[in-house]
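Coordinate analysis (summary)
Take a look at the letters that make up each chain.
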Amino acid sequence: MTNFSENPSHLKIKFKLHDSLATGLPVVALESTLISHGLPWPDNLETALACEDAVHTAGALPATVSIIDGVIHIGSSQELLERLARNKQADIQKASRRDIPAIMATGATAATTVSATAFLARSAGIRFMATGGIGGVHRGAGQTFDISCDLAELGRAGQPMALVCSGVKSILDIPATLEKLETLGVPVVGYQTREFPAFTEFSSGLLLDHSVGEPELAARIFSIHELLDMPTMMLFAQPCSSDLSLDVDLAEKARVQALSEAASQGITGKAITPFLLGRISQLTLGQSLRVNKQLIINNAATAGQIAAAYSRLSQRQADQRTP
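Cut-offs applied
Residues numbered from 1 in each chain as written. Predicted model: local features only at pLDDT ≥ 70, side-chain atom pairs only at ≥ 80, totals over all residues. Heavy atoms only, no water. Helix = DSSP H or I, 4+ residues; strand = E, 2+ residues; numbered from the N terminus. Rg over C-alpha atoms; globule rule 2.2 N^0.38 Å. Buried < 20%, exposed > 50% of the residue type's maximum accessible area, 1.4 Å probe, protein only. Contact = heavy atoms within 4.5 Å. Lys, Arg positive; Asp, Glu negative; His and termini not counted. Charge placed at Lys NZ, Arg CZ, Asp CG, Glu CD. Core = buried A, V, L, I, M, F, W, Y, C linked by side-chain atoms within 4.5 Å. Pairing = 2+ DSSP bridges. Polar contact = N/O pair within 3.5 Å; in protein donor to acceptor, adjacent residues only side chain to side chain. Axes fitted to C-alpha atoms, helices over the stretch in contact; angles between N-to-C directions. Left-handed = near helix turned anticlockwise from the far one by under 90°. Nonpolar A, V, L, I, M, F, W, Y, C, P; charged D, E, K, R; others polar. Phe/Tyr/Trp six-rings, centres within 6.5 Å; stacked < 30°, edge-to-face > 60°. Parallel < 35°, antiparallel > 145°, perpendicular 65-115°, else oblique.

**A look at the overall build of the protein**
- When helices and strands are tallied, the protein shows 13 helices and 11 strands.
- Against the globule reference of 20 Å for 323 residues, the protein gives a C-alpha radius of gyration of 19 Å, in line with a compact fold.
- Summarising its shape, the C-alpha atoms of the protein cover approximately 65 × 45 × 35 Å along the three principal directions.
- Scored against the burial criterion, the 323 residues of the protein give a buried share of 54%.
- Residue pairs at least 24 apart in sequence account for 74% of intrachain contacts in the protein once pairs closer than 6 positions are excluded.
- Separation between the mean location of the 26 positive side-chain charges and that of the 31 negative ones in the protein comes to 4 Å.

Following this line, the structure appears as structure tokens:
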């Protein structure tokens, strides 16, 4: 894997936080498709800035990842965040891991999905990341074979990394996604929950084998995951707050209608998730949008807390090794 700290001359990289990582400060990567494709203006910019503030408040440094005019940005200025937020989706590509070389070579601008963000962040030496909900196995995947490459990235990372999320987007087949994560050997740990979250709903009803209640234990679990050189990412699944959670019946009714409309309009591939999330927000009169925004911010805060706890743990371990 390319090490961005070496900054190869043939790659165009702006690594805003290189010195911070070199001195051991905790850093949390944040994906950018939620800005360009996941949330409408101005909620997208407000959420992106709130996520960065939440990471700062938790004692870590935020690094929103994107590709601007063919240049990888590990850490983004407010100006770049606003550019991603204001530009039309047609002008901002949605980049998964496989799209990175073509986007860089053509000088295009793209927001990074979970898979692309994880790949680029790991290459920069970042161990922690936050998002809203990951991609997964789509409903009807037995016929369409539509499975998000997020899952493949979680399972083939090659280097340990921890991702805080609220489970998978509830438009997906949640039981099948959880089963796929098990097949890939991805550890899934509930954060302050014993059940797998369902994105904008508090729980999917699916029990998890492991859970933690505070960042110190989460950091210790990840530290051991790293020490054992596990080749997968680790998933910390944090539910949205119960007082914000969407009503299950309302949410499912909106999902079914949105999925039906997507099918009738022939919407597939990268376009389907933004369409479904936007349509569900309309059908729930904005309730799903409000929950989505808050859970994204909460996940960023938790990732920052775990990253800061990991940094303290690493420092204590280093002190103990010093004669």
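There is more to say, and it comes next.
**Concerning the nonpolar core**
- Core analysis: the biggest nonpolar cluster contains 54 residues, and Ile74, Leu154 and Leu235 have the highest contact counts within it.
- With 5 residues, helix α6 (residues 114-123) is the largest single contributor of residues to this core.
- When sequence neighbours within four positions are dropped, the list of residues in contact with Leu154 reads Ile134, Leu163, Leu181, Val186, Thr232, Met233 and Leu235.

**Here we look at the pairing of strand β3 (residues 61-68)**
- Burial analysis of β3 places 7 of its 8 residues in the buried class, the great majority of the element.
- Across 4 bridges, the pairing between strand β2 (residues 27-30) and β3 is parallel. Within β3, the residue paired with Val28 across the bridge is Pro62.
- Sheet analysis places β3 next to strand β4 (residues 71-74), joined by 4 bridges and oriented antiparallel. Counterpart to Val65 in the pairing with β4 is Ile74.
- Between β3 and β4, which pair antiparallel in sequence order, lie 2 residues; one of them, Asp69, sits at a positive phi of approximately 50 degrees.
- Taken together, the 2 bridges between β3 and strand β6 (residues 110-112) define a ladder with antiparallel strand orientation. If you follow Ile67 over to β6, its bridge partner there is Ala110.

**Examining α6**
- In terms of burial, α6 is a largely internal element, 9 of the 10 residues being buried.
- Among all positions in α6, only Val114, Ser115, Ala116, Thr117, Ala118, Leu120, Ala121, Arg122 and Ser123 are buried.
- At the exit of α6 stands Gly125, carrying a positive phi of roughly 90 degrees.

**Concerning the side chain of Ser115**
- Assignment of secondary structure puts Ser115 in helix α6.
- Since its relative accessible area comes to 1%, Ser115 is described here as buried.
- A distance of 3.2 Å separates a polar atom in the side chain of Ser115 from the backbone nitrogen of Arg97.
- Look past the residues within four positions of Ser115 in its chain and what remains in contact with it is Ser96, Arg97, Cys149, Asp150 and Glu153.

**Looking at the packing of helix α3 (residues 43-57) against helix α4 (residues 78-86)**
- Close contact between α3 and α4 brings their axes to 9 Å; oriented N to C, the two are set at 145 degrees. The handedness of the crossing between α3 and α4 comes out as right-handed. Residues Asn44, Leu45, Leu49 and Glu52 of α3 lie in contact with α4, whose contacting residues are Gln78, Leu81, Glu82 and Ala85.
- Taken together, the residues of the contact of α3 with α4 break down into 4 nonpolar, 2 polar and 2 charged.

**Side note on the packing of aromatic side chains**
- Per the counting criterion, the structure on display carries 3 aromatic pairs.
- Taking 5.3 Å as the distance between ring centres and 65 degrees as the angle between the ring planes, the aromatic pair formed by Phe128 and Tyr310 counts as edge-to-face. With Phe128 in strand β7 (residues 128-130) and Tyr310 in helix α13 (residues 287-321), this residue pair connects regions lying 182 residues apart in the sequence. Each member of the pair, Phe128 as well as Tyr310, is classed as buried.

**Thoughts on the packing of α3 against α13**
- At their nearest, the axes of α3 and α13 sit 7 Å apart, and the two run at 25 degrees to each other. The pairing of α3 with α13 is recorded here as roughly parallel in orientation. For the crossing formed where α3 meets α13, the hand is right-handed. Across from Asp43, Glu46, Thr47, Ala50, Cys51, Ala54 and Val55 in α3, the residues of α13 making contact are Leu289, Lys293, Ile296, Ile297, Ala300 and Ala301.

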